Amino acid sequence: MPPGRTSMAKIGIIGAGTWGIALSVLLHDNGHKISVWSALPQEIKDLQEKHEHKNLPGVVLPEDMEFTADLGHAMDQKDLLVLAVPSIFTRSTAHAMNPFCKEGQIVVNVAKGIEESTLMTLSEIIEEELPMADVAVLSGPSHAEEVGRRIPTTCVTGAKSKKTAEYIQNIFMNNAYFRVYTSPDILGIEVGAALKNVVALAAGIADGLGCGDNTKAALITRGIAEISRLGIAMGAHARTFYGLSGIGDLIVTCASKHSRNRKAGVLIGEGMTMEEAMAEVKMVVEGVYSAKAARELAEKYEVSMPIVEKVNQVLFEGKPAKDAVS
């Protein structure tokens, strides 16, 4: 039986990027036993020696937190697994997890994206690769840089059963700085999470061109209209897009200095190519990978998404950013 609200859980964090590490700090604060896995042996070595992630300076990791490059060990006898790899590595990582995953094991996906080749959401990919797992999601306006510093944050978890959602809520909830709500709308949560990155690229491009607050407000407002139109056409609930994983996540990603999608957009607006901007950001820019999928979904469901269309033209077809904004 999974532990109750006040019991210690054994948790495997699959992925040692900034979000996985920030969540490991939160979950350790909540009294759980944490094992962090990375596919990169050097990353594990650095974490073991320095107890700090290079992209989260000042966030000190507890001495009793375990870091391992052994995926089977990271998953063994865990009450809950947090899948925190970039979206482009979700399928390959879930596939590698298959031999070690137990029947009914809870896997919480915290990445954001849509697979370009199949147009599947990340939870659908995980369910395909791990059919024995109880797959759920956690999303919302939440930059790792702030969660790692214990700045108050709210997220929403989506699961197929109320029992699983409430269990995840209890595991992640921290009364001091991390509040979690529950929702049955996994699809809506994931669509909002993936597509807001595309709109954030547009917001960054506008910033790079020197546009102002009027432009940003228009992009956020029209952006959530596009996202919700598509999500509803796909079968999601309208109310999801006006909550934390919809408009909340869109606002923080379009406006924050921590947003790598916005930063990449700024660089493109200032004249860089998409490839140059991604190299400069030095971390995965999820919106670039979701942009083509978003356009294909818009065509499939016959939904008008002009912002998504223009972002694709700028990223992949050489359209000048200034022309796209106009």
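What counts, and at which threshold
Residues numbered from 1 in each chain as written. Predicted model: local features only at pLDDT ≥ 70, side-chain atom pairs only at ≥ 80, totals over all residues. Heavy atoms only, no water. Axes fitted to C-alpha atoms, helices over the stretch in contact; angles between N-to-C directions. Helix = DSSP H or I, 4+ residues; strand = E, 2+ residues; numbered from the N terminus. Parallel < 35°, antiparallel > 145°, perpendicular 65-115°, else oblique. Left-handed = near helix turned anticlockwise from the far one by under 90°. Contact = heavy atoms within 4.5 Å. Buried < 20%, exposed > 50% of the residue type's maximum accessible area, 1.4 Å probe, protein only. Pairing = 2+ DSSP bridges. Lys, Arg positive; Asp, Glu negative; His and termini not counted. Salt bridge = Lys/Arg side-chain N within 4 Å of Asp/Glu carboxyl O. Polar contact = N/O pair within 3.5 Å; in protein donor to acceptor, adjacent residues only side chain to side chain.

Caption draft 1: Geometry of the packing of helix 8 (residues 186–208) against helix 11 (residues 260–269). With their axes 6 Å apart at the nearest point, helix 8 and helix 11 run at an angle of 40 degrees to one another. Relative to helix 11, the element helix 8 lies oblique. With respect to the hand of their crossing, helix 8 and helix 11 are arranged in right-handed fashion. Between helix 8 and helix 11, the contacting residues are Asn197, Ala200, Leu201, Gly204, Ile205, Asp207 and Gly208 on the first element and Asn261, Arg262, Ala264, Gly265, Val266, Ile268 and Gly269 on the second.

Caption draft 2: Structural detail: unusual backbone geometry. Despite not being glycine, Leu119 shows a phi value in the positive range, around 60 degrees. Within the chain, Glu302 stands out as a residue other than glycine whose phi angle is a positive 55 degrees. Following the sequence through the fold, Glu302 ends up in the loop between helix 13 (286–300) and helix 14 (306–316). You can call Glu302 exposed: its relative accessible area is 74%.

Caption draft 3: Region of interest: the sheet that holds strand 6 (residues 134–139). Within the open sheet, the 8 strands sit side by side as 3-2-1-4-5-6-7-8. Their pairing is mixed. Each end of this open sheet is capped by a strand with a single partner; those strands are strand 3 (66–68) and strand 8 (178–183). Strand-to-strand twist across the sheet, computed as the mean angle between neighbouring axes with direction ignored, equals 25 degrees. Bridge count for strand 4 (residues 80–83) against strand 5 (residues 106–109) is 4 bridges, and the pairing is parallel. Bridging across to strand 5, Leu83 finds its partner in Asn109. Relative to the sheet, helix 8 contacts strand 5, strand 6, strand 7 (153–158) and strand 8, its axis offset from that of strand 6 by approximately 45 degrees. Running over the sheet, helix 10 (residues 244–255) touches strand 6, strand 7 and strand 8 and is turned about 145 degrees from strand 7.

Caption draft 4: Looking closely at the side chain of Glu190. By the element assignment, Glu190 lies in helix 8. Despite its burial, Glu190 pairs with no opposite charge; the closest candidate is Lys160, at 9.5 Å N-O. A polar contact of 3.1 Å, which involves the side chain of Glu190, links it to the side chain of Thr121. At a separation of 3.5 Å, a polar atom in the side chain of Glu190 contacts the main-chain amide nitrogen of Leu122. When neighbours within four sequence positions are excluded, Glu190 is seen to be in contact with Asn109, Thr121, Leu122, Ser123 and Val137.

Scope: geometric values only; no functional claims are made or implied.
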